[in-house]
Structure formats: structure tokens, C-alpha cells
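# Chain and residue survey
Here is how the chains run, residue by residue.
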Amino acid sequence: MPTTIHMRRSALHILGEDLSAAVYAAVQRLADYRMYRRTLRELQDLTARDLSDLGMHRSEIKRVAHDAVYGHWS
């Protein structure tokens, strides 16, 4: 019987770690998405002249915002 209790604790411990990792990943994805939206909004608020000074065209805004937060566009 003590073996069964020990196995249950181990299973709950593993479940707790998995749940914790899943929650952390979800929070990180949300933070990344919010940063993407903020970057996108800030770039969209720039004038064509400002974008040109940065060497960008308005059509590149989504790609640049994505690259800034997530890395290369896939």
C-alpha cells in the first residue's frame, strides 16, 4: 500500500510540473503576442516619412514586428 501512495504522489508531482510548464508557456505566448501587437501599433502610427527614414515601407510592418518579437518570418 505505501508503494501506491508513493506512486500517486509522483504522478501528482509530474502532473504539477506539466501544468506549471503549460501555464508558463501560455503566459509567455500571451506576453509575446502583446509585444507583437504593441510593436505593430507603434509602427503603424509612424508616417510614411518616418518609415522611410527607418528604411521601411508600410507593407513591411507586419513582417518587421513579427521578426522583432518572434524571430524570422516563417
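Since we're looking at a predicted model, the values are computed, not measured.

The rules behind each value
- Residues numbered from 1 in each chain as written.
- Predicted model: local features only at pLDDT ≥ 70, side-chain atom pairs only at ≥ 80, totals over all residues.
- Heavy atoms only, no water.
- Helix = DSSP H or I, 4+ residues; strand = E, 2+ residues; numbered from the N terminus.
- Contact = heavy atoms within 4.5 Å.
- Areas by Shrake-Rupley, 256 points an atom, 1.4 Å probe, with all protein chains shown as cover.
- Salt bridge = Lys/Arg side-chain N within 4 Å of Asp/Glu carboxyl O.
- Buried < 20%, exposed > 50% of the residue type's maximum accessible area, 1.4 Å probe, protein only.
- pLDDT = per-residue confidence, 0-100.
- Core = buried A, V, L, I, M, F, W, Y, C linked by side-chain atoms within 4.5 Å.

Along the backbone of the protein there are three helices and zero strands. Considering only contacts within the protein whose residues lie at least 6 apart along the sequence, 35% involve residues at least 24 apart. Carbon and sulfur atoms provide 59% of the accessible area of the protein, an area that totals close to 6,300 Å².

What follows deals with the pattern of salt bridges. Evaluation of the coordinates by the stated rule reveals four salt bridges. Arg63 is the salt-bridge partner of Glu60, the closest N and O atoms lying 3.2 Å from each other. Residue Arg63 is classed as partly exposed on the basis of its relative accessible area, which comes to 36%. Measuring nitrogen to oxygen at the nearest pair gives 3.3 Å for the salt bridge that ties Arg63 to Asp67. Within this pair, Arg63 and its partner Asp67 are both found in helix H3 (residues 61–70), separated by four residues, close to a single helical turn.

Here we come to the confidence of the model for the protein. Counting all residues, the mean pLDDT for the protein is 86, and 78% of those residues have values of 70 or more. Predicted confidence in the protein is weakest over helix H1 (residues 2–44), with a mean pLDDT of 82, and strongest over helix H2 (residues 48–53), with 97.

The subject of this paragraph is the nonpolar core. By size, the foremost hydrophobic cluster in this structure holds seven residues: Tyr36, Leu40, Leu43, Leu51, Met56, Ile61 and Ala65. Those elements that place two or more of their residues in this core are H1 and H3. When neighbours within four sequence positions are excluded, Ile61 is seen to be in contact with Leu40, Leu43, Gln44, Leu51 and Met56.

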